[in-house]
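# What the coordinates show
Listed here are the chains, written in short residue letters.
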Amino acid sequence: DMDEENNQHFDGAEADLLDMRFFNDWHQKSHELRATSQFSDTFEFVAGLYYWDVDYEQRWDVAHLHYQLSRLGAIPLPLTPTTLSSNGQEQTTESIAAFFSGDWHLNEAWTLTAGARWTREEKDFLGGDGGVFYDPASGDPIPALNNPAAFSDEWTEVTPMFGIRYQPSDNLMFYGSYSEGFKSGGFFGRQANFNIDPTYDPEYVENYEIGMKSTLLDGRMVLNAAVFMSDYEDKQESILVPIDLSNVATVVRNAAVLEMLGAELEMMYQITPAWFVRASYGYLDAEYDEYLADLNGDGIVTDNSGLTSRRTPENTFGLTTSYVLSLGPGELSSTVSYRWIDEQETSADNNPRGHLDSIDDLSATITYAWNDGRYRVTAFGRNLTDERQAGGPYIGGLTQAIAWNEPTTFGVEVAVSL
């Protein structure tokens, strides 16, 4: 169970314009029953049943905005500075699944893997159709949902996977796999009203991967490589649709066929017993093969296949080195890490306000631990070169959400393990 309150500010104006306060009540429970085999040296499996049930209730208030609009005459109501607009949603989700995965060891070098998962999900959703004004400063209670809209649906899918593994020695292994993924449909849970349909259908993906894992130099070096391809169908895309100056709808649409081709390299090297280095590189080519959607709320569906998918930088690189030495009654360790991320988009329509240029990050930590690690003192510095970056989806109307990355930050942490 979880209860949470969260305040968010969505504008950069000096005047109080838009302040949203969320109150969430979340309850969930899950059960899993597994059976594993222990009767054969050539075949082993795991099978089971899974049950997950969750329900949430969310209420959220909008502060300041409607009062400011009433002062401008855009809302013909005499609102006070403490007047809030209340809205909210409720949803119950039940998911059950049965799964099986088996490994067949053909000989000491070759292994075949096959499995499948059957999933059924049911969702019942209730959402308030527009905000209700109330003034808690005058003693008004939180109002009930306004003319609540009800939606319900159920989805069932079987997702298989197949794999093959070749291990000619204890230090070298090659593998290949095919798997399918399924993400159920649903109802977007934070609408201000439901003039725009909040429902969306399931998302499907086919994954292909081949790779290699190796241990070299008598165990001092690990070198791994992989190439993968993912084909998405009915890709779920979150889109911001402006309604008017004070209202923007967030909808999820099955708007795209997305193809991803990528590669990953990873190297870990123990240079000396005290000195360790890890490096990684990732390449990702993500392209829409089809992207049909209304991105601006004018009711016209357009072909947006030329857009760049969000949060998919083409290149990423990381390098970390650490050194450990004994000092007095304890151990002194230091770590320096460097990370570089290519440019990327954060808005569905590739609005320039959501574009992020490439950025790098240099951080370091020094830790002294003693008494078998029970006591630790750590000094850290993050983003030492103070590379700053701001971006976020363009909301439209009177509001804009922008998030900055963390500036150069220094600190000291003290930890005690009891």
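For the structure, check the block above.
It should be emphasised that the depicted structure is a prediction, and the values quoted were computed from it without experimental measurement. (Residues numbered from 1 in each chain as written. Predicted model: local features only at pLDDT ≥ 70, side-chain atom pairs only at ≥ 80, totals over all residues. Heavy atoms only, no water.)

A word on the overall build of the protein chain. Within the protein chain, the regular secondary structure consists of one helix and 24 strands. Split into buried and exposed, the 418 residues of the protein chain put 36% on the buried side. Pairs at least 24 residues apart make up 62% of the contacts formed inside the protein chain by residues separated by at least 6 positions. Accessible surface, the protein chain as shown: approximately 23500 Å² in total, 54% of it carbon and sulfur. In the protein chain, which carries 24 positive and 66 negative side-chain charges, the distance between the mean positions of the two groups comes to 6 Å. (Helix = DSSP H or I, 4+ residues; strand = E, 2+ residues; numbered from the N terminus. Buried < 20%, exposed > 50% of the residue type's maximum accessible area, 1.4 Å probe, protein only. Contact = heavy atoms within 4.5 Å. Areas by Shrake-Rupley, 256 points an atom, 1.4 Å probe, with all protein chains shown as cover. Lys, Arg positive; Asp, Glu negative; His and termini not counted. Charge placed at Lys NZ, Arg CZ, Asp CG, Glu CD.)

A contiguous patch of negative charge on the surface is contributed by Glu259, Glu287, Asp289, Glu290 and Asp303. By residue number, the principal contributor to the negative patch is strand 14 (residues 275-293), which donates three residues. Turning to its location among the elements, Glu287 is positioned in strand 14. Residue Glu287 is classed as partly exposed on the basis of its relative accessible area of 49%. (Patch = residues over 30% accessible without salt bridge, like charges linked within 9 Å, V, L, I, M, F, W, Y side chains within 5 Å. Salt bridge = Lys/Arg side-chain N within 4 Å of Asp/Glu carboxyl O.)

Inspection of the secondary structure assignment puts Asp135 in the loop between strand 6 (132-134) and strand 7 (149-169). In this structure the side chain of Asp135 is engaged in a polar contact, spanning 3.2 Å, whose partner is the side chain of Thr80. The residues contacting Asp135, other than those within four sequence positions of it, are Thr80, Thr82, Thr83 and Asp140. (Polar contact = N/O pair within 3.5 Å; in protein donor to acceptor, adjacent residues only side chain to side chain.)

Inspection of the entire model under this criterion finds twelve salt bridges. The residue Arg59 makes a salt bridge to Glu90 at a minimum N-O spacing of 2.9 Å. One end of the pair, Arg59, is in strand 3 (residues 43-63); the other, Glu90, is in strand 4 (residues 84-105), with 31 residues separating them in the sequence. For Arg59, a relative accessible area of 14% gives the class buried.

Time to look at the side chain of Ser309. For Ser309, the position within the fold is in the loop between strand 15 (302-303) and strand 16 (315-327). Only 2.8 Å separates the side chain of Ser309 from the side chain of Thr312, close enough to count as a polar contact. Setting aside anything within four residues of it in sequence, one finds Ser309 in contact with Leu258, Ala286, Tyr288 and Glu345.

A few words on the nonpolar core. Counting 19 residues, the largest nonpolar core has Ile239, Leu258, Met260, Tyr291 and Ala293 as the members making the most contacts within it. Broken down by secondary-structure element, the contributors of at least two residues to this core are strand 12 (221-244), strand 13 (247-270) and strand 14. If one sorts the elements of this core by residue count, strand 13 sits on top with six residues. If you look at the next biggest cluster of nonpolar residues, it comprises nine residues, including Leu17, Val62, Leu69 and Ile75. (Core = buried A, V, L, I, M, F, W, Y, C linked by side-chain atoms within 4.5 Å.)

Here we come to the packing of aromatic side chains. Per the stated rule, a full pass over the model turns up 16 aromatic pairs. Pairing Phe43 with Phe45 gives two aromatic rings, centres 6.2 Å apart and planes at 35 degrees, and the pair type is tilted. You can call Phe43 partly exposed: its relative accessible area is 30%. Considering the side-chain rings of Tyr288 and Tyr291, the 4.4 Å spacing of their centres and the 45 degrees angle between planes classify their relative orientation as tilted. Tyr291 shares its class with Tyr288; the two are buried. Here the aromatic residues Phe39, Phe43, Phe45 and Phe100 are joined through ring pairs into a cluster of three or more. (Phe/Tyr/Trp six-rings, centres within 6.5 Å; stacked < 30°, edge-to-face > 60°.)

It is worth spelling out empty space enclosed by the protein at this point. A full pass over the atoms with the stated rule returns one cavity of 30 Å³ or more. Empty space within the largest cavity amounts to approximately 40 Å³. Taken together, Arg59, Ser86, Asn87, Gly130, Val132, Pro143, Ala144, Leu145 and Asn146 make up the full set of residues lining the largest cavity. Broken down by class, the residue content of the lining of the largest cavity amounts to four nonpolar, four polar and one charged. (1 Å grid on protein atoms, 1.4 Å probe; cavity = no way out; pocket = protein on both sides within 12 Å on 5 of 7 lines; lining within 4 Å. Points joined across faces, edges and corners; volume = space filled by probe spheres on them. Nonpolar A, V, L, I, M, F, W, Y, C, P; charged D, E, K, R; others polar.)

Turning to the pairing of strand 17 (residues 330-341), a few remarks are in order. Sheet topology note: the strand 16/strand 17 ladder contains twelve bridges and is antiparallel. Across the sheet, residue Leu319 finds its bridge partner in strand 17, namely Tyr338. Where strand 16 folds back on strand 17, the antiparallel hairpin that results is connected by two residues, among which Gly328 adopts a positive phi of roughly 60 degrees. One ladder, built from twelve bridges, connects strand 17 with strand 20 (residues 359-370); its direction is antiparallel. Paired with Gly330 across the strands is Trp370, a residue of strand 20. (Pairing = 2+ DSSP bridges.)

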